[in-house]
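Below are the chains, spelled out letter by letter.
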Amino acid sequence: MLYRLTKIFGGPVLHLLWPTTVTGEEHVPRSGPAILASNHLSILDSTFLPLVLSRQVRFVAKSEYFTGNPATAMWMRATGQISIDRQSPTAAQDMLDTAAQVLRDGELFGIYPEGTRSPDGRLYRGKVGVSWLALATGAPVIPVAMTGTDKVLPIGASVPKLGRVNVRIGKPMTFTGSEKSARDRRSVTDEIMAAIAELSGQEYVASYTPSRNKDK
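Overview of the structure.

Parameters at a glance
- Residues numbered from 1 in each chain as written.
- Predicted model: local features only at pLDDT ≥ 70, side-chain atom pairs only at ≥ 80, totals over all residues.
- Heavy atoms only, no water.
- Pairing = 2+ DSSP bridges.
- Helix = DSSP H or I, 4+ residues; strand = E, 2+ residues; numbered from the N terminus.
- Axes fitted to C-alpha atoms, helices over the stretch in contact; angles between N-to-C directions.
- Contact = heavy atoms within 4.5 Å.
- Expected span 1.5 Å × (residues − 1).
- Buried < 20%, exposed > 50% of the residue type's maximum accessible area, 1.4 Å probe, protein only.
- Salt bridge = Lys/Arg side-chain N within 4 Å of Asp/Glu carboxyl O.
- Phe/Tyr/Trp six-rings, centres within 6.5 Å; stacked < 30°, edge-to-face > 60°.

**Points about the sheet that holds strand E1 (residues 20-23)**
In step 1: Spatially, E1-E8-E7-E2-E5-E3-E4 is the arrangement adopted by the seven strands of the open sheet, whose pairing is mixed. Single-partner strands in this sheet number two, and they are E1 and strand E4 (81-84). Direction aside, neighbouring strands of the sheet carry axes that sit 25 degrees apart on average.
In step 2: In the sheet, strand E3 (residues 57-62) pairs with E4 via four bridges, with the strands oriented parallel. In the sheet register, Ala61 faces E4, and the bridge partner there is Ser83.
In step 3: Contacting strand E2 (34-38), strand E5 (108-111) and strand E7 (141-147), helix H6 (residues 129-137) runs over the sheet at an angle of about 165 degrees to E2.

Shown next as structure tokens:
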């Protein structure tokens, strides 16, 4: 109920202040599981993507967002994000297990294969969690490209600026292989990142996002 109310009241405000263009929404299935794999430019990516789609998208977010600022905590719950303790030694697997359950429940799960926001607008090498999910659950992967969100709320900024946002959604991708195979996981992840790069037009960097940017 809270998610629906957020879309009903938040959606029009979002489009008024930040005109958002969506292309390819027809590639998102009306029912059943799918993985939305997106580039990551701003913390607002997790706000714009769910609010422009008709179906709910679930994300994981660090637990601090749910216990700190009350307004932030309410927004996280309202937009369907799932709390994960990133300080836990099993945080990575906990995230994957949680995501796999979301997909088995027939829902949409959003993930940023880069692992964190790009510090310079380029697209960095993807981590293999996204391919583990695809191969372990059989869910299709839908590549997504967000543009303009880094202008609305750049890294380090606390107040969003006015601006336009574009969301491009690609065709579903399905894969064969084993989630237990490191070669399969790497190959599938690289294919996904290539599809995101084609949609976004970003320069691709064949290395992981610099670790100095820890905050998602």
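**As for helix H5 (residues 91-104)**
In step 1: The terminal C-alpha atoms of H5, which comprises 14 residues, lie 20 Å apart, in line with the 20 Å expected from a rise of 1.5 Å per residue.
In step 2: Inspection of H5 places Ala91, Met95, Leu96, Ala99, Ala100, Val102 and Leu103 among the buried residues, and these make up the whole buried set.
In step 3: In the core, the buried residues of H5 are packed alongside E2, E3, E4, E5 and H6.
In step 4: Phi for Gly106, located one or two positions after H5, is positive at around 85 degrees.

**Details of the pattern of salt bridges**
In step 1: Scanning the model with the defined rule gives five salt bridges in all.
In step 2: Across the salt bridge formed by Arg58 and Glu107, the nearest N and O atoms sit 3.3 Å from each other. Here Glu107 lies in the loop between H5 and E5 and Arg58 lies in strand E3, a separation of 49 residues in the sequence.
In step 3: The exposure class of Glu107 is partly exposed, given its relative accessible area of 23%.
In step 4: Here Lys151 makes a salt bridge to Asp150, at a shortest N to O gap of 3.5 Å.
In step 5: Where salt bridges share partners, they join Asp120, Arg122 and Glu203 into one cluster.

**Description of the packing of aromatic side chains**
In step 1: Scanning the entire structure with this criterion turns up two aromatic pairs.
In step 2: Their ring planes at 85 degrees and their centres at 6.2 Å tell us that Trp18 and Phe48 sit as a pair that is edge-to-face. Of this pair, Trp18 sits in the loop between helix H1 (2-17) and E1 while Phe48 sits in helix H2 (residues 45-52), and the two are 30 residues apart along the sequence. Here the two residues Trp18 and Phe48 agree in accessibility, since each one is buried.
In step 3: Centre to centre, the rings of Phe59 and Tyr112 are 5.6 Å apart; their planes meet at 20 degrees, and the pair counts as stacked. Here Phe59, found in strand E3, pairs with Tyr112, found in the loop between E5 and strand E6 (123-124); they are 53 residues apart in sequence, far enough to count as distant. As far as the burial class goes, Phe59 and Tyr112 line up, both buried.

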